[in-house]
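Each chain, letter by letter, is given below.
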Amino acid sequence: MSLANMGLVDLIGVLLGFVFTLFIFSYILGDNPLFRLALYIFIGVAAGYAAVMAWYNVIWPQLLLPLVTGSMNERLLLLFPLLLSGLLLMRISPRLAGWGTPVIAYLLGVGVATAIGGAVLGTLFPQVLASINLFDLNAANQNGNNLLLYVMDASVILVATITTLIFFHFGVKSRTDQGSQATSANRGVVIESLAWVGQIFISITFGALFAGVYTAALTALVERMYSGVKLVQFLLPLFTPK
Amino acid sequence: MADVRCPMCGKLNPADLDVCQFCQARLKPVMGGSPTESELPASSQPSSSKVEPAGDAALPDWLQSLRQRQESLPEAAEPQEDVPDWLSNLRAPAEETPSAAEDAVPDWLSGVSLDTPPQAEAAPAEPEQVFFSGEEPDWLSKIGPSQPDETPETLAQDSPEGGESNLTEPPPEESPIQNEEETPEWLKGLAEQPGGAADQSGLTEWEPEGQLEAPGVSAETQDELPDWMAGILARQATGPEPERSRPEIPLAALGAAALTQSAGESPSPFQESQPKGVEPFSSKEGLLAELGALDTGELPAWLAGIAPLEAEKQEPAPQAAPVESGLAPSDELPSWLEAMRPVESAAVLAAMPDLSHETIESAGPLSGLRGVLPAEPGVAQGQKPHVHSIKLQISETNQANAVLIEQMIKTEGQARPLLRHSVITTQRILRIGIAVVLILAVLWPLVTGSPQASLPGFTPETYAANQLIEGLRTGAPVLLAFDYQPGLSGEMDAAAAGVIDHLMVKGAYLAVVSTATTGSAQAERLLAMVNQAGQHNYASPGQYTDLGFIPGGPTGLLSFAQSPSQAMPLALDGKSPWQGNPLQDVTAVKDFALTIVITDNPDDARAWVEQVGPALENQPLTMVISAQAEPMVRPYVESNPPQISGLVTGLSGGASYEDLNGREELGQTYWNAFSLGLIAAVLLILVCGLVTAGSAVWARTKETEGEKKA
Amino acid sequence: MKISARLFLAVIVMAIGLVVLLGFFIDLPVLNVLRTVFLRWAVILAAVAILVGLFNLAAVHWRKMGSRQPGRFYSAVLLISMVVTLVIGLAFGPTSTWSLWIFNYIQVPVESSLMAVLAVVLAYASARLLNRRINLFSIVFLGTALLILIGTATIPGLVVPGLTGLRAWITQVPAAGGARGILLGVALGTIATGLRVLIGSDRPYGG
């Protein structure tokens, strides 16, 4: 929406946004009250909007409204989540927080099972299959890839996958003499060497992640600068003599 | 007559009573020392039947009972004019009840006449039992009239220290004194002899009313008498001793000394250190009291000063009269009495202090005694306190510390300049400099429009996404998920604008959903932006519907994937989108023509792949992601079969996508500034990194050299 | 906590979790129905949990506002902005004009600005990285990041051959391989941790 087509309210909003942008940018000079003011306003707005969405989109239409307008079966079925919701709201009070523990256990049970199922079916099996199919030369031929380069890339990917897994080992820490700290289990020279190689690939991956984060941050900077330039360009004619 | 308060129980008793009617404690202390009767003050001279103690002394109960019994006995039973009352009191219980004396009254005392007051008839049994814990001592049996052939044992055995043991463990071979006939004559003589002059010592409370008489010890009884007793008798024979202060001698000590009958075996304890003027047995009550007090093992001074009698033995029965007759009124202690002084060794005697200056206790059970522990605390004794130097002993260390503290206190009041942190530091300068360079690099292209950077090329994944949308039919339901935060709306809006524009161009029906609370607002914002920029007429509910917010993360996605209509029954406008076109045929997520997820978080992308991906079956899943999520999402793209069919990554992907479509959106608008800013950032990181790394290496090198030189 | 209460909580977790997990692998109508019901209830309870978090945030800052602690002015600002947003959102709807005005001109600018400041901070931090630690891994990390960044941008008037291809190769081969290993490790860890919770070995819910 161009500034010229904006109403007064929106213009005020744009100005307010620009002011808040300056408040946040003042952090480059150091922490200051303006930065904190903008931050606390943002937290309040975000919390309030989240509660509005939770009520408007879930609690009212899916719990309370069917209890009033729904059929008998729906009402009976919704008594349980209503009761559980009441118990969960008791977590607000420190004295009554214990009543909400069964609800937490319920949510945890559902969440954990969901995570396990998704990890098995969504990541573990497909990614292992993908690692196996790295050397699918038929697919490479179909895509018209250079087979040598394809195999080399596949090898690098496979080595990176395996060595990274070796670096993140899952084991029981061995106990040393009493009083001393437990040390990790001795894994052997070969495993340790492979883990060191895995650390190299992890560094590459994290470097790529850092580059992506910086790219996103720079894009945000560009967007903020763009908004400011547009505002200045809109306001400048108002203040320049013709 | 005023009532007398009992020293033991504190209750009031009539003044004429000698013992307390409640606890049987002595109300009137027994007078100690050896003052003669004539020397006693008239008020202090006791009657023949009663003993008036000088103060509130508490005699042992057994002694009191003996005294009372003595007082109750008829005085005509024996020649009593010369027998001291205390001695006659001692004899009385033996005359009256010879059989009962075996259990109650000690025999040696029962042989001596005692005046038992009628009021205290019930009392005697107790004190007698208290005194004798076992059999009657031999020395008492010798004193008694029933044992003529008994020989007194070694007197020296009854030392002041051993007096107590002798009292509790009398020699078994000695037979107790049964009756008056067994009373030795010396003891009878003791009864006749008037007591000595009363003195100010502790003897007053136990001294009998009468005066001690020098026992007329016959020659044949000398061998039987203990040495100390013989000494006393001898002294009596030599004449009255000058008046002297009488140290306290407990009756128990006297009795203990009398118990031992070792004539000649050891020097009599009474002989060695007898203070002059000590006449312990000035009254029979005092003697009894002192005998009872010997339980504490204390050696009274008078007893220590008494010269022991020579080793003499005395027949008990026939000696009664000569003993009595031998007790002549005299200022001196009778020799036999002096012999009874339980002085054993010179060291002990020498250790005995002169208690003549000591005050007589007037309260408590030790009343009448001299030189005992005071009832009052030590502060009342008026002792001069020890003089301590008030000068501090200061060591050098203390002095140094004191100087240090003094300096610290002085500096405390002085104002010190505050260390001001400089506002501008090198780090802050560097940070400001980087910010200025970056902002300028971004601003310049936005303001001037130059330089123009070429657009990036599209990737295969971007192309695949483009092709998927291109293959949509008009009105095809497309599930569009807005799962990014407002903070990354700059990048995501630029990355997704081309995709949404493409969808709008294709006329797809958009079902908007989000697992973020701000998703709906983001969707409205972007849709409005693209709508305006692309000049589309997309409106809800005709062209798109906002299903709202799915809480619970992966759990909500799984619920939505199972049954979208049950998970999101109503749209954000409150109406059900599942009953009319085009969503009425959608019963599962796989019924959507395309699923596009716009997210900045790799975890959200993974959740969609894991939870919704399996439910899609063969339907494609396309993602528009942030550059920061690309490394973690790429494995899903490169899997075989691919789990993500199309991928648009960040601003570069969006710009390339727009380039593919030939439409200019935010991606291309931002690209110049983005590209220049990126180059500036890379240069800044390189240059500053090399400089800081070099300076760090230089600093470490210098530090190492400095350490080596050191 | 009593043994009976702990057992009750563990039974809840195990029973519910088992029903949901089995639904991934076994296709039974009864199981599907139960699973759907449990998942719907969980969605509703997750929304209620957002309300609980909001009340807790309000309580904390209300207490802070009433006390003498420094920063209570900011707590008051937070509470006021929260209440205003709640009132407007509940009264007019979350996608109404006024709600979107608050979102577009307060929330978006502040969050975007925070992200923009991150660009300066990250550049500063990466410039000082070699000052703190110089080893192979930090050099590999920084080198990879710089290569990808420079490969992403297009230098005006300058075309460096192979730069884009190198950037693509880094992201598609070594970085992807490492990411796959990380994803597999995360998946294995999720399975192990989840199973420990389902069998009652771990009780993060306070049992």
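What counts, and where the lines are drawn
Residues numbered from 1 in each chain as written. Chains lettered and ligands numbered in written order. Predicted model: local features only at pLDDT ≥ 70, side-chain atom pairs only at ≥ 80, totals over all residues. Heavy atoms only, no water. Helix = DSSP H or I, 4+ residues; strand = E, 2+ residues; numbered from the N terminus. Expected span 1.5 Å × (residues − 1). Buried < 20%, exposed > 50% of the residue type's maximum accessible area, 1.4 Å probe, protein only. Contact = heavy atoms within 4.5 Å. Core = buried A, V, L, I, M, F, W, Y, C linked by side-chain atoms within 4.5 Å. Buried area = accessible area lost by both parts, 1.4 Å probe. Salt bridge = Lys/Arg side-chain N within 4 Å of Asp/Glu carboxyl O. Polar contact = N/O pair within 3.5 Å; in protein donor to acceptor, adjacent residues only side chain to side chain. Nonpolar A, V, L, I, M, F, W, Y, C, P; charged D, E, K, R; others polar. Phe/Tyr/Trp six-rings, centres within 6.5 Å; stacked < 30°, edge-to-face > 60°. Lys NZ or Arg CZ within 6 Å of the ring centre and 35° of its normal. Pairing = 2+ DSSP bridges. Axes fitted to C-alpha atoms, helices over the stretch in contact; angles between N-to-C directions.

S.K.: Any details on helix α3 (residues 72-92) of chain C? Residues and values, ideally.
M.R.: For α3(C), spanning 21 residues, the distance from its first C-alpha to its last is 30 Å, which sits close to the expected 30 Å at 1.5 Å a residue. Listing the buried residues of α3(C) in full gives C:Tyr74, C:Ser75, C:Ala76, C:Val77, C:Leu78, C:Leu79, C:Ser81, C:Met82, C:Thr85, C:Leu86, C:Ile88 and C:Gly89. Elements that come into contact with the buried residues of α3(C) comprise α2 (33-69) of chain A together with α2 (29-66) and α4 (97-127) of chain C. C:Gly93 sits one or two positions beyond α3(C) and adopts a positive phi of about 105°.

S.K.: I'd like a description of the nonpolar core, backed by residues and values.
M.R.: Ranked by size, the top nonpolar core spans 116 residues in total, and within it A:Tyr214, A:Leu221, B:Leu438, B:Ile500, B:Leu503, B:Ile596 and B:Ile598 carry the most contacts. Element by element, the count of residues in this core is highest for helix α7 (residues 189-239) of chain A, at 17 residues. Residues within four places of A:Tyr214 in sequence aside, it is in contact with B:Leu438, B:Leu678, B:Ala681, C:Ala119, C:Leu122, C:Ala123 and C:Leu149.

S.K.: Tell me about the interface of chain A and chain C, residues and numbers included.
M.R.: Residue-level contacts link 109 residues of chain A with 99 residues of chain C. Taken over both partners, the interface formed by chain A and chain C buries close to 9300 Å², and the fraction arising from carbon and sulfur atoms is 84%. When the area that chain A buries against chain C is broken down by residue, the three leading residues are A:Tyr40, A:Tyr106 and A:Phe210, summing to 7%. Scanning the region where chain A abuts chain C turns up 0 salt bridges. Linking chain A with chain C are 9 residue pairs in polar contact (both at pLDDT 80 or more), by the criterion used here. Listed by contribution, the elements that provide at least two residues to the side of chain A that touches chain C are α1 (8-25), α2, α3 (72-89), α4 (101-132), α6 (147-167) and α7 of chain A. Residues belonging to the side of chain A that touches chain C are distributed by class as follows: 81 nonpolar, 22 polar and 6 charged.

S.K.: Provide a residue-level description of helix α18 (residues 426-448) of chain B, including the pertinent values.
M.R.: With 23 residues, α18(B) should cover 33 Å at 1.5 Å per step; its first-to-last C-alpha distance of 32 Å lies within 8% of that length. When α18(B) is considered as a whole, its buried residues turn out to be B:Ile434, B:Ala435, B:Leu438, B:Ile439, B:Ala441, B:Val442, B:Pro445 and B:Leu446. Along its buried surface, α18(B) packs onto α7 of chain A, α27 (666-709) of chain B together with α4 of chain C. Positive phi appears at B:Gly449, one or two residues downstream of α18(B), with a value of about 80°.

S.K.: Provide a residue-level description of the packing of aromatic side chains, including the pertinent values.
M.R.: Scanning all chains against the criterion turns up 18 aromatic pairs over all chains. Centre to centre, the rings of A:Tyr106 and C:Phe38 are 6.3 Å apart; their planes meet at 85°, and the pair counts as edge-to-face. Of the two residues, A:Tyr106 is situated in helix α4 and C:Phe38 in helix α2; the pairing between them involves two chains. There is no split in this pair, since A:Tyr106 and C:Phe38 are both buried. Ring centres 5.6 Å apart and planes at 50° place the aromatic pair A:Phe210 and C:Phe141 in the tilted group. One end of the pair, A:Phe210, is in helix α7; the other, C:Phe141, is in helix α6 (residues 136-152), on a second chain. Judged by its relative accessible area of 22%, C:Phe141 is partly exposed. Ring-pair connections join several aromatic residues into one group, and the members of that group are A:Phe80, A:Tyr106, C:Phe38 and C:Trp41. Looking at B:Arg431, its charged tip hangs above the ring of C:Tyr124, at a distance of 5.9 Å from the centre. The side chain of C:Arg35 reaches across the aromatic face of C:Phe24, ending 4.4 Å from its centre.

S.K.: Any details on the sheet that holds strand β8 (residues 594-599) of chain B? Residues and values, ideally.
M.R.: Residue and element names in this part refer to chain B. The strand order across the open sheet formed by 6 strands is β7-β6-β5-β8-β9-β10, and the pairing between neighbours is parallel. Two strands bound the open sheet, and with one partner strand each, they are β7 (544-549) and β10 (646-649). Averaged over all neighbouring strand pairs, the angle between strand axes comes to 15°, with direction disregarded. Bridging between strand β5 (residues 477-483) and β8 involves 6 bridges; their strand directions are parallel. Each residue of the ladder has a partner; that of Phe482, found in β8, is Ile598. Here helix α26 (residues 650-661) sits on the sheet in contact with β9 (621-625) and β10, set at roughly 115° to β10.

Interpretation in functional terms is not warranted from these geometric data alone.
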